[in-house]
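Each chain, written out:
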Amino acid sequence: MSEVSATPEIPQNNTIYINNINEKIKIEELKKSLNAVFTQFGKILEVLAFKTLKHKGQAWVVFEDVSSASNALRQMQGFPFYDKPMKIQYAKTKSDVIAKADGTFVPREKRKRHDDKGKKRKDQHDANLAGMGLNPAYSGGYGATPTIPYPGGAKSMVPEAPAPPNNILFIQNLPNESTPMMLQMLFLQYPGFKEVRMVETKPGIAFVEYGDEMQSTVAMQSLQGFKITPQNPMLITYAKK
DNA sequence: AGCACA
């Protein structure tokens, strides 16, 4: 009898293919969440997901290194993501961003002919903040290098050492005039938000609670370094348990 | 279930 495995093995790839994803999640949020959840395994070059019928519930996460993809695949296999266990495989083919870096990229024929440069991407939450005179530090680049703009005086830390995840976030370097309402405006937009707690005796810090660690992670990734004033980039970490 | 390159 053959000893070939019954489950078809796909060779390693920089890109992981994820399915069984909760289809209720909007593409924009989904990509952000995937980025947040997988960034711990290494540099992510791209997250792709589509809302077309054929591609619902699926996504591709492209890592710079194959080893990152391997670790992600193993460690996040079955991870409860929006209440559904992720199914992760290697992608069947090389992603374009990788091929381009390789020099092996060859444009495929099914490419659209017409320019689609007319589409512009909207910034996500700037509108809410304008009235308060707040200035986002980021305009929504989840693919960006997760560099944390540490406030002056913070001890230099190795960014590769992540704190243990917690559904409660610890926010530092807030301006003294920050109010719970201001913070709520920022954090409420991410799913699972529960509450903001500020410590009266210690201005400049706050705790923000989410329903679970995944949700808090998404919010943290999105608002990391957000500037309420130009000299106050938020430093967000998981709260100690 | 479904493997793309918005």
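Only a predicted model underlies this, so the values are computations on that prediction, with no experimental measurement involved.

K.L.:
Tell me about the pattern of salt bridges, and name the residues and values.
P.N.:
In the structure shown here, the tally under the stated rule is 6 salt bridges. Sharing partners across several salt bridges, the network here consists of Glu195, Arg197 and Glu209.

K.L.:
Go over helix H1 (residues 27–38) with me, naming the residues and quoting the values.
P.N.:
Here H1 spans 16 Å end to end across 12 residues, near enough to the 16 Å set by a 1.5 Å rise per residue. Counting buried residues along H1, 10 of its 12 residues qualify, which places the element largely inside the surrounding structure.

K.L.:
Residues and numbers for the nonpolar core, please.
P.N.:
Counting 25 residues, the largest nonpolar core has Ile16, Ile18, Leu34, Phe38, Val61, Phe63 and Phe81 as the members making the most contacts within it. Contributing elements (two or more residues each) for this core: strand E1 (15–19), H1, strand E2 (44–49), strand E3 (59–63), helix H2 (66–76) and strand E6 (87–90). Those residues within four positions of phenylalanine 63 in sequence are excluded, and the remaining contacts are Asn14, Ile16, Phe38, Phe41, Gly42, Lys43, Ile44, Leu45, Ser68, Ala69, Ala72 and Ile98. With 23 residues, the next largest nonpolar core counts Ala36, Phe193, Ala206 and Ala219 among its residues.

K.L.:
Outline unusual backbone geometry, listing residues and values.
P.N.:
Even without being glycine, asparagine 20 reaches a positive phi, approximately 65 degrees. If you trace the backbone, asparagine 20 turns up in the loop between E1 and H1. With a phi close to 70 degrees, asparagine 173 is a non-glycine residue in the positive phi region. By secondary structure assignment, the location of asparagine 173 is in the loop between strand E7 (168–172) and helix H5 (180–187).

K.L.:
Can you tell me about the sheet that holds strand E8 (residues 193–198), naming the residues and giving the values?
P.N.:
Spatially, E8-E9-E7-E10 is the arrangement adopted by the 4 strands of the open sheet, whose pairing is antiparallel. Pairing within the sheet leaves two strands with one partner each, and these edge strands are E8 and strand E10 (235–238). The mean angle between the axes of side-by-side strands here comes to 25 degrees, regardless of whether they run parallel or antiparallel. Bridge count between E7 and strand E9 (residues 206–210): 4 bridges; the pairing is antiparallel. Bridge pairing links phenylalanine 170 to phenylalanine 207 in E9. Along the sheet, H5 contacts E7, E8, E9 and E10; its crossing angle with E8, the most-contacted strand, is approximately 150 degrees.

Conventions and cut-offs
- Residues numbered from 1 in each chain as written.
- Chains lettered and ligands numbered in written order.
- Predicted model: local features only at pLDDT ≥ 70, side-chain atom pairs only at ≥ 80, totals over all residues.
- Heavy atoms only, no water.
- Salt bridge = Lys/Arg side-chain N within 4 Å of Asp/Glu carboxyl O.
- Helix = DSSP H or I, 4+ residues; strand = E, 2+ residues; numbered from the N terminus.
- Expected span 1.5 Å × (residues − 1).
- Buried < 20%, exposed > 50% of the residue type's maximum accessible area, 1.4 Å probe, protein only.
- Core = buried A, V, L, I, M, F, W, Y, C linked by side-chain atoms within 4.5 Å.
- Contact = heavy atoms within 4.5 Å.
- Pairing = 2+ DSSP bridges.
- Axes fitted to C-alpha atoms, helices over the stretch in contact; angles between N-to-C directions.

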